[in-house]
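In case you want the letters, here they are:
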Amino acid sequence: MKSIRIRDLQEKKAKSEPITMLTCYDAMFAKILDSSGVDILLIGDTLGMVVQGQETTLGVTLEDIAYHTRMVARGAQRAHIVADMPFMTYQHDIKEAMQNAAKLLVAGAHSVKLEGGTPMASTVKALTEVGVPVMGHVGLTPQSVHALSGYRTQGKTDESRKRILEDAMALEAAGAYAVVLECVPESLAQEITRMLQIPTIGIGAGPACDGQVLVIYDLLGFNPEFKPKYLKTYLNGAALIQQACEKYVTEVRQRVFPPME
Ligand code: KIV
């Protein structure tokens, strides 16, 4: 089966075909999501929150992402695999960013994603020049949660809007092949999508983006308390899994399972 390459993603933008992206953290989900036709699987640092149970993404390590990338790469055959670069694994210096990105590619990623715009442009340029494809991420950048005073929509003032637009343009100029727009007003996402040649992939950024991304456990309704306005849950996952496990507990206790020979 032919796997999705960066050129395919860029052709999708040219043909106005929406790009689909989901987070994925293990081989079993990778196999299912791959078969469902998702274009991009992201080993997101959200794994710190949804898999590891941490409050933020800040404690996720490069080894965590590499470990989950190896699992996803074993399960997926078709999707493009992007691995997130965790907090402070690319911000110090370019050489360190290169060494860390290389570890994620060796683990099975086809490209890396990093947060930040203009200040990250030289790092993005250096990575792309040595053959590491980079997806950018602007707007709400969760690794800056404390600097942003929480998880809130960005780009609401003229100044912040201008900065995010400049950030996205700086990433494109530096060689990024796509950019995630997280929690920005729809009109800003539309403007950026129109200005850039590379695809924009939105989360909480409205329908004008070239593609959409969601955290897989959010889409499946694993955490009913998490209800951001942008989220659509496609399954009542938490309730269904709980019901199944309750049935198992009851059947074992009642000696219904396993059945008598
Ligand atoms: O880490 C992640 O899962 C992400 C997506 C929400 C875009 O960056």
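Note that this is a predicted model, so its numbers are computed, not measured.

Participant: When you look at unusual backbone geometry in this model, what are you seeing that I'm missing?
Facilitator: For residues other than glycine, phi is negative in most cases, and the peptide bonds are mostly trans. That bond from Phe257 to Pro258 is cis: its omega, -5 degrees, falls within 30 degrees of zero. Here Pro258 is to be found in the segment after helix 10 (237-253). Here the phi dihedral of Ser16 falls at roughly 55 degrees; this positive angle occurs in a residue that is not glycine. Following the sequence through the fold, Ser16 ends up in the loop between helix 1 (6-14) and strand 1 (19-23).

Participant: Where do I start with the pattern of salt bridges in this structure?
Facilitator: Opposite charge on two side chains makes pairing possible when the charged atoms of those side chains draw close. Applying the stated rule across the entire model yields 12 salt bridges. Between Lys15 and Glu17 there is a salt bridge, with its nearest N and O atoms 3.9 Å apart. Between Lys162 and Glu166 there is a salt bridge, and its shortest N-O distance comes to 3.1 Å. One end of the pair, Lys162, and the other, Glu166, are both in helix 7 (residues 158-174), 4 residues apart, so they sit about a helical turn from each other. For Lys162, a relative accessible area of 52% translates into the label exposed.

Criteria and cut-off values
Residues numbered from 1 in each chain as written. Predicted model: local features only at pLDDT ≥ 70, side-chain atom pairs only at ≥ 80, totals over all residues. Heavy atoms only, no water. Helix = DSSP H or I, 4+ residues; strand = E, 2+ residues; numbered from the N terminus. Salt bridge = Lys/Arg side-chain N within 4 Å of Asp/Glu carboxyl O. Buried < 20%, exposed > 50% of the residue type's maximum accessible area, 1.4 Å probe, protein only.

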